[in-house]
Amino acid sequence: MLKENLENVQNEILKACKKANRNPEEVTLIAVSKTKPLEDIEELMTYGVQEYGENKVQELVDKYERISSPVNWHLIGHLQTNKVKYIVDKVKLIHSVDSLHLAKEINKEAAKKNVIVNILIQVNVANEDTKFGIACEEVYDFIENIKEMEHICVKGLMTIAPFVEEAEENRCHFKKLYQLSLDIKSKNYDNIDMSVLSMGMTNDYKVAIEEGATMVRVGTGIFGERNYNL
């Protein structure tokens, strides 16, 4: 099942790229492995998947320590400051930096371990009360506050779009994040890169790719439905 699901998602990515006249190599698929057993990840590794997304620090650390060979880990869920120290030297990218307080903590813990942590700024494009993220109009102030942090490297932006019945409903949010990234790039900030746009999940990743996503976070589409009661 995993192989067939993965191939289906990969084919859909190719189709979305073709439709948008984009190079498929511009789009990285992150397999969201939260709540899924290590065995599933080990199987996907045999099909060439190297990028995995986890929501919770403890689960990421547990899998990091038990996996048979190294892969790239992405922390995509909300990150509490008291958990930062456990992952700064284990993740390829933290997608969910949503406050100055958190950025300072990442910079501090990264300095202790002498690493530079790649991060994305999480933007609440749709202004949903239930979602974490910085409002679009506050992103510039946020950048001004973190651009001098020596142990953080901003790689781009991330958003979690609203859960909708029709993926097309989220196109406007993806367009807005893409435009924001272009606007930030045009200002040529030091230490601020806008090469990554992490947006789009199982129900809307094709639309996200059409609107410029460079990373899509697909869980259910690859692993199937989750059982949170386990």
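In the block above lies the structure referred to throughout.
Here we summarise the structure given alongside this text. Fair warning: this is a prediction, and the values are worked out from it, not measured in the lab. (Residues numbered from 1 in each chain as written. Predicted model: local features only at pLDDT ≥ 70, side-chain atom pairs only at ≥ 80, totals over all residues. Heavy atoms only, no water.)

1. With respect to the pairing of strand S5 (residues 117-122)
Here is step 1 of the chain: Where burial is concerned, most of S5 is hidden: five out of the six residues are buried.
Here is step 2 of the chain: Summarising the sheet, strand S4 (residues 93-97) and S5 pair through two bridges and their orientation is parallel. By the bridge assignment for S5, Val 97 is matched with Ile 121.
Here is step 3 of the chain: Taken together, S4, helix H4 (residues 100-112) and S5 form a β-α-β motif whose crossover is right-handed.
Here is step 4 of the chain: Two elements, S5 and strand S6 (residues 152-158), share six bridges in a ladder whose sense is parallel. Considered in S6, the bridge of Asn 118 is made with Cys 153. (Buried < 20%, exposed > 50% of the residue type's maximum accessible area, 1.4 Å probe, protein only. Helix = DSSP H or I, 4+ residues; strand = E, 2+ residues; numbered from the N terminus. Pairing = 2+ DSSP bridges. Right-handed = clockwise from strand over helix to strand, strands pointing away.)

2. Regarding the nonpolar core
Here is step 1 of the chain: Within the largest apolar cluster, 68 residues are counted, with the highest numbers of intra-cluster contacts made by Ile 94, Ile 106 and Ile 222.
Here is step 2 of the chain: It is helix H1 (residues 2-19) that contributes the most residues to this core, six residues altogether.
Here is step 3 of the chain: Those residues within four positions of Ile 94 in sequence are excluded, and the remaining contacts are Leu 75, Leu 79, Ile 87, Ile 106, Val 117, Asn 118, Ile 119 and Leu 120.
Here is step 4 of the chain: One finds Ile 30, Leu 93, Leu 120 and Met 158 within the second-largest nonpolar core, a separate group that totals six residues. (Core = buried A, V, L, I, M, F, W, Y, C linked by side-chain atoms within 4.5 Å. Contact = heavy atoms within 4.5 Å.)

3. Structural notes on the pattern of salt bridges
Here is step 1 of the chain: Applying the stated criterion across every chain yields a total of 19 salt bridges.
Here is step 2 of the chain: Its salt-bridge partner being Glu 211, residue Lys 175 comes within 3.6 Å of it at the nearest N-O pair. Here Glu 211 lies in the loop between helix H7 (205-210) and strand S8 (215-218) and Lys 175 lies in helix H6 (residues 171-186), a separation of 36 residues in the sequence.
Here is step 3 of the chain: Salt bridges here are not isolated pairs; linked through shared partners, they connect Lys 19, Glu 168, Arg 171, Lys 175, Glu 210 and Glu 211. (Salt bridge = Lys/Arg side-chain N within 4 Å of Asp/Glu carboxyl O.)

4. Points about H1
Here is step 1 of the chain: In a regular helix each residue adds 1.5 Å, so 18 residues correspond to 26 Å; H1 covers 26 Å between its end C-alpha atoms and thus fits that length.
Here is step 2 of the chain: Three or more residues of H1 are buried, namely Leu 2, Asn 5, Leu 6, Val 9, Glu 12, Ile 13, Ala 16 and Cys 17. Relative to the axis of H1, the buried residues are bounded by an arc of 135 degrees and lie together on one face. For H1, exposure combined with an orientation more than 90 degrees from the buried face picks out Lys 15, Lys 18 and Lys 19.
Here is step 3 of the chain: Tucked into the core, H1 has its buried residues touching strand S1 (28-32), helix H2 (38-46), H7, S8 and helix H8 (220-223).
Here is step 4 of the chain: Of the residues one or two after H1, Asn 21 is the one with positive phi, at around 55 degrees. (Expected span 1.5 Å × (residues − 1). Arc of directions from axis to C-beta.)

5. What about the side chain of His 151?
Here is step 1 of the chain: Along the chain, His 151 turns up in the loop between helix H5 (139-146) and S6.
Here is step 2 of the chain: Given a relative accessible area of 18%, His 151 falls into the buried group.
Here is step 3 of the chain: For His 151, the residues in contact, after removing those within four places along its chain, are Asn 107, Ala 110, Ala 111, Asn 114, Val 115, Ile 116 and Val 117.

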